[in-house]
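Chain by chain, the residues:
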Amino acid sequence: MNAAADDRALADAIERIWDEAQAIGLRPFPTHFEIVPATILYEMGSYLMPGRFSHWTHGKMYQMQKISYDYGLSKIYELVINTNPCWAFLLETNTPIQNKLVVAHVLGHADFFANNAYFARTSGRMLDSVSLNAERIRGYEFEHGQLEVEQLLDAVLAIQEHVDPYSIEMPDDPDDDRTQQRGTPGPYDDLFERDEPIVAPPPAPPRNPFRPSEPDRDLLRFIAQHSPILDDWERDILGIVRAEMLYFYPQMQTKVVNEGWATLCHATLLHRLDLPHDEYVDFADLHAGVTSPGAQRLNPYHLGFNLLKAINERHGGDDEHLAADLFDLRETASDLSLIRNELTEEIVDDLDLYIYGPVGDDIVVTEKRWEAVRDRLVNDLTG
Amino acid sequence: MFHANTPSTDRNASTRPSRSSTPRLLDSSTRASVSLSRGDWSLHRKGAIDQQRHQRKVREALKANLADIVSEQSLITSDGKKIVRVPIRTLEEYKFRFDRGDQQGVGAGNGDSKVGDVLARGGRPGPGQGAGAGDQPGIEYYEADVTMDELAELVFEDLGLPNLEPKRLRELESEALRFTDIRKTGPFANLDKKQTIRQNLQRNARKGEARFGDLATDDLRFRTWEQTVQYEANGVVLAMMDVSGSMGTNEKYLSRAFYFWMVRFLRTKYDRVEIVFIAHHAEAKEVTEDEFFTRGESGGTRASTAYALALDIIEHRYPPADWNIYPFHFSDGDNWPSDNETARVLVERLADFSSLFGYGEIRPARAGYQSSLGHAIAKIDHPKIQRVTLADRTDVYPALRAFFSLDREEVGASQ
């Protein structure tokens, strides 16, 4: 088949799906779709974002993903990047129906990024930032030697998750038009004005720069600010890793609800497309594959989709419409709040969730009471 | 200019294929919200470049674990030509891990799960034999594909035949390429810029212009090479091995592993080192390489017979005036008691003729005793004698280093 005709058809489908998305109430960021070969998609998957700095762990991820793709063990269909506008990468070998599902799914993510509170302070221009960061790190490699930089990165990446996601110090980004874009106008807009940029009071200069006056749960910031031995460029790398981590953090906090939302969106949107029968069967097959339960690893698509679907039905939505209450939830929810507030007995029974653990040499289902399952999940999320 | 624009650093190249080459499939003037494009990503290499960084680390890891890898059974028994897969522990990043203690997790069933259902038998699900239950990864093994040559290169990187002296008569050849000549045609990689510029200047000067420019094909000059043979000193290695009944499976394995690598080492580094294989029990025999590595024998042990045979071979075929001689002997040291004195005398004579006499004794690490043969050889104070004790597989590599280290000062495994 000829690629240009395919692309034309896909472009039409994307427009159609975008219109449907508007019709059911989604307000995603503008989204750019880029068709890429598998190697590029896997590369982005292993860096989490195109253009990020070089490190051997990224190369290792890349190699592992590529091998498992080459042997047909796993497949990524798409990758969405939380920026404004959103960037989405489609695998060039996707079939038309796969692409329709993926595009609808991507718009779900784009809507979530644009509206969920946890993403409110992530930069919409992160693509540029990571490239500039990569450039700086490359400069340090040039200046101080690759080995030196690599050893520092090894150390920093080991503790990269130990940042404080709730710290309030977001660089003002006047060009980021995300604030104007966010949400629909409502009667309480005046209240939100109080949330306008919170300027942290400048910290009083500590008496001894190496002896902070208060403890800090943000390990990276703490070390960058108070280490007596680091050079400026080393502090800069700590800052880079921290900034990128803070950017990715909300995605970690909203895995279930984000994937659930995107999955519910693609299901709803594709129901509205009136697919021909053969395509519908392929769609159902794909959808079932994405939302299949995991015996020993909870599938976030499975849990998130079914949770949100139940809520949707409870509040009057159906296969082709999303309930208004659900939109409030997508603005405020994280995995923690979603599971703590919404995981009911019926859903635990419906999805046949259980707690497992080792008994002797075997892995055995040990608990099925729904409160126990919920508490276990909440406990896992709060660490 | 090429450097400044490598895909890994240039944002526009890496994340956004240039607009001009990208057909906008959705007209952005009428629809600002969605767009689709298919760019040319064929020059994008960032992943591959970092993959190389990882590969380099794998190589370093290989190098750090050579002692284990060198004695890997599958290598010794391979024909030495294949690509071998070397399992090394994957390079894991350091991370804080929470001790999950109870090792529980949440899963989802097919609708009819009951308390007590078994999800996985025999302990461990998922990736491997790790101690976790689903939430903890097993020990990841990374299989590195390495050719024997690559491995040999790592093993022998800084090794060589010690005390090699120039001798007359037949020479050891090793080939080398040397750039010696300039020609008007050739591959561009070999362009001789200096000569090319000079030719251009000369041609311009003939026209009365003192400048560089208007480069013509005629100006181009290329360096070209010729093969030269560098002559090295002659060498012969006499590989002696005890194949008597007292040499158990492990002892034989260790000596063969050593000789396997030694032979590879000599063949890789020296084009024409000759190797003589001698197997002995109560009597010694010159054998072929195949027999040396495969045949098992039994019987008593008289090491002196091997030394006598070695001396005989040296006398008839490798006169010390013309040859650098390297006798090696591997044994468990369990020699016939009355033979020790004879053996000692012969070793001394061998050492006098040799550039290095290597004696490798295989005995359990904690055995406090000194073997009868080892004791006899230890009595000799001779600068050319090098003794090494091997207890298990990991000692093979140190033994190689001890015998073939060019820097005689630091000798690893010697006693």
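Our structure's up above, just so we're on the same page.
Cut-offs used in this document
- Residues numbered from 1 in each chain as written.
- Chains lettered and ligands numbered in written order.
- Predicted model: local features only at pLDDT ≥ 70, side-chain atom pairs only at ≥ 80, totals over all residues.
- Heavy atoms only, no water.
- Helix = DSSP H or I, 4+ residues; strand = E, 2+ residues; numbered from the N terminus.
- Areas by Shrake-Rupley, 256 points an atom, 1.4 Å probe, with all protein chains shown as cover.
- Core = buried A, V, L, I, M, F, W, Y, C linked by side-chain atoms within 4.5 Å.
- Buried < 20%, exposed > 50% of the residue type's maximum accessible area, 1.4 Å probe, protein only.
- Domains from an automatic or database assignment.
- Contact = heavy atoms within 4.5 Å.
- Buried area = accessible area lost by both parts, 1.4 Å probe.
- Salt bridge = Lys/Arg side-chain N within 4 Å of Asp/Glu carboxyl O.
- Polar contact = N/O pair within 3.5 Å; in protein donor to acceptor, adjacent residues only side chain to side chain.
- Pairing = 2+ DSSP bridges.

**Student:** Give a detailed account of the overall build of chain B, specifying residues and quantitative values.
**Tutor:** In terms of regular secondary structure, chain B is built from 12 helices and 13 strands. When the accessible surface of chain B is totalled, it reaches about 22100 Å², and 49% of it is carbon and sulfur.

**Student:** Can you explain the nonpolar core? Please cite residues and give values.
**Tutor:** If you look at the biggest cluster of nonpolar residues, it comprises 67 residues, and the most contacted ones within it are Phe33(A), Trp261(A), Leu303(A), Leu343(A) and Leu353(A). Among the elements that make up this core, the one with the highest residue count is helix 4 (residues 96-115) of chain A (11 residues). Per-domain counts for this core show at least three residues from each of domain 1 (3-116 + 254-342) and domain 3 (345-382) of chain A. Apart from the residues within four sequence positions on either side, Trp261(A) is in contact with Leu26(A), Gly108(A), Asp111(A), Phe112(A), Leu308(A), Leu322(A), Leu326(A), Phe327(A) and Arg330(A). By size, the runner-up hydrophobic cluster in this structure holds 49 residues, among which are Met148(B), Phe292(B), Tyr326(B) and Leu356(B).

**Student:** Go over the interface of chain B and chain A, please, and point to the residues and values.
**Tutor:** Listed by partner, the interface residues are 67 residues for chain B and 80 residues for chain A. Between chain B and chain A the total buried area reaches about 6500 Å² when both faces are included, carbon and sulfur atoms providing 53% of it. The tally of links between chain B and chain A comes to four salt bridges. Asp7(A) serves as the salt-bridge partner of Arg38(B), at 2.7 Å between the closest nitrogen and oxygen.

**Student:** If you had to explain helix 2 (residues 38-47) of chain A to someone new, which residues and values would you point to?
**Tutor:** Among the 10 residues of helix 2 of chain A, nine are classified as buried, and the element is accordingly described as predominantly covered. On its buried side, helix 2 of chain A packs onto strand 1 (31-36), helix 3 (56-70), strand 2 (78-81) and strand 3 (86-91) of chain A together with helix 2 (46-64) of chain B. Positive backbone phi, approximately 70°, marks Leu48(A), located one or two places after helix 2 of chain A.

**Student:** So what about the side chain of Asp164(A)? Which residues, and what values?
**Tutor:** Residue and element names in this part refer to chain A. Assignment of secondary structure puts aspartate 164 in the loop between helix 6 (146-158) and helix 7 (178-181). A relative accessible area of 11% places aspartate 164 in the buried class. Within the structure, aspartate 164 has its side chain in polar contact with the backbone nitrogen of tyrosine 166 (distance 3.0 Å). With residues up to four places along the chain from it excluded, the contact list for aspartate 164 reads Arg217, Asp218, Arg221 and Leu246.

**Student:** With reference to specific residues and values, describe the pairing of strand 12 (residues 357-362) of chain B.
**Tutor:** Both faces of the sheet carry side chains from a regular strand, because those side chains alternate between them. Residue and element names in this part refer to chain B. Within strand 12, six of the six residues are buried, which leaves the element mostly enclosed by the surrounding structure. Both strand 12 and strand 13 (residues 385-390) contribute to a ladder of six bridges, which runs parallel. Considered in strand 13, the bridge of glutamate 361 is made with threonine 389.

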